[in-house]
Amino acid sequence: QVQLVESGGGSVQAGGSLRLSCAASGYARYCMAWFRQAPGKEREGVATIDSDGLPRYADSVKGRFTISKDNAKKTLYLQMNSLKPEDTAIYYCAQSGRDYIPCAWRDSGYRYWGQGTQVTVSS
């Protein structure tokens, strides 16, 4: 099965930047996505990228975050700029089991998940 491992999380001040990475064994050129879950809240979609590299973003992060992937390196990235305290969450990468077009926004559309990496943004 596909194994996903996130890295790059940490603690930053508001306005700072972080770059998350997700290394994927068994990588396929299907939908990949970043989700996040804050304490006491449900997991929510942050950004998706389809097999052709087309990105989509949640309204809350549009203009600040950039999702990208390197198929040769089998790695998914999330560049996060202008971070806000409300971005604090555990961030998960995910991969679908099929080449959905367009990619799903709900977590039910993704079969494989990483363990998550903590992002903390202080004010």
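Refer to the structure printed above.
What counts and what doesn't
- Residues numbered from 1 in each chain as written.
- Predicted model: local features only at pLDDT ≥ 70, side-chain atom pairs only at ≥ 80, totals over all residues.
- Heavy atoms only, no water.
- Core = buried A, V, L, I, M, F, W, Y, C linked by side-chain atoms within 4.5 Å.
- Buried < 20%, exposed > 50% of the residue type's maximum accessible area, 1.4 Å probe, protein only.
- Helix = DSSP H or I, 4+ residues; strand = E, 2+ residues; numbered from the N terminus.
- Contact = heavy atoms within 4.5 Å.
- Pairing = 2+ DSSP bridges.
- Axes fitted to C-alpha atoms, helices over the stretch in contact; angles between N-to-C directions.
- Phe/Tyr/Trp six-rings, centres within 6.5 Å; stacked < 30°, edge-to-face > 60°.
- Lys NZ or Arg CZ within 6 Å of the ring centre and 35° of its normal.

In globular proteins that are soluble, nonpolar side chains generally tend to be buried together. Residues Trp34, Leu78, Met80 and Tyr91 are the most contacted members of the largest nonpolar core, which totals 29 residues. Mapped onto this core, the elements with two or more residues apiece are strand S3 (18–25), strand S4 (32–37), strand S5 (44–49), strand S7 (65–70), strand S8 (75–80), strand S9 (89–95) and strand S11 (117–122). Sort the elements by how many residues they give to this core and S3 lands first, with 4 residues. Setting aside anything within four residues of it in sequence, one finds Met80 in contact with Gly16, Ser17, Leu18, Leu20, Arg64, Phe65, Tyr91 and Val119. Ala33, Ala94, Cys103 and Tyr110 belong to the second-largest nonpolar core, a separate cluster that totals 6 residues.

A word on the sheet that holds strand S1 (residues 3–7). Spatially, S1-S3-S8-S7 is the arrangement adopted by the 4 strands of the open sheet, whose pairing is antiparallel. Looking at strand neighbours, the two that pair on one side only are S1 and S7, the edges of this open sheet. Pairs of neighbouring strands in the sheet enclose a mean axial angle of 15 degrees, with direction left out of account.

Right, let's get into the packing of aromatic side chains. This model, assessed by the stated rule, comprises 3 aromatic pairs. Aromatic pair Phe35 and Trp113: ring centres 5.0 Å apart, planes at 55 degrees, arrangement tilted. Of this pair, Phe35 sits in strand S4 while Trp113 sits in strand S10 (residues 112–113); the two residues are 78 residues apart in sequence, bridging distant segments of the chain. We classify Phe35 as buried; its relative accessible area is 1%. Its relative accessible area of 24% is what places Trp113 among the partly exposed residues. On the numbers, 6.5 Å between centres and 75 degrees between planes, the contact of Tyr110 with Trp113 is edge-to-face. Each member of the aromatic cluster is reached from another via a ring pair, and the members are Phe35, Tyr110 and Trp113. Over the ring of Tyr92 we find Arg43; its NZ or CZ atom is 4.3 Å from the centre of that ring. For Arg98, the ring lying beneath its charged end belongs to Tyr100, and the centroid distance is 4.9 Å.

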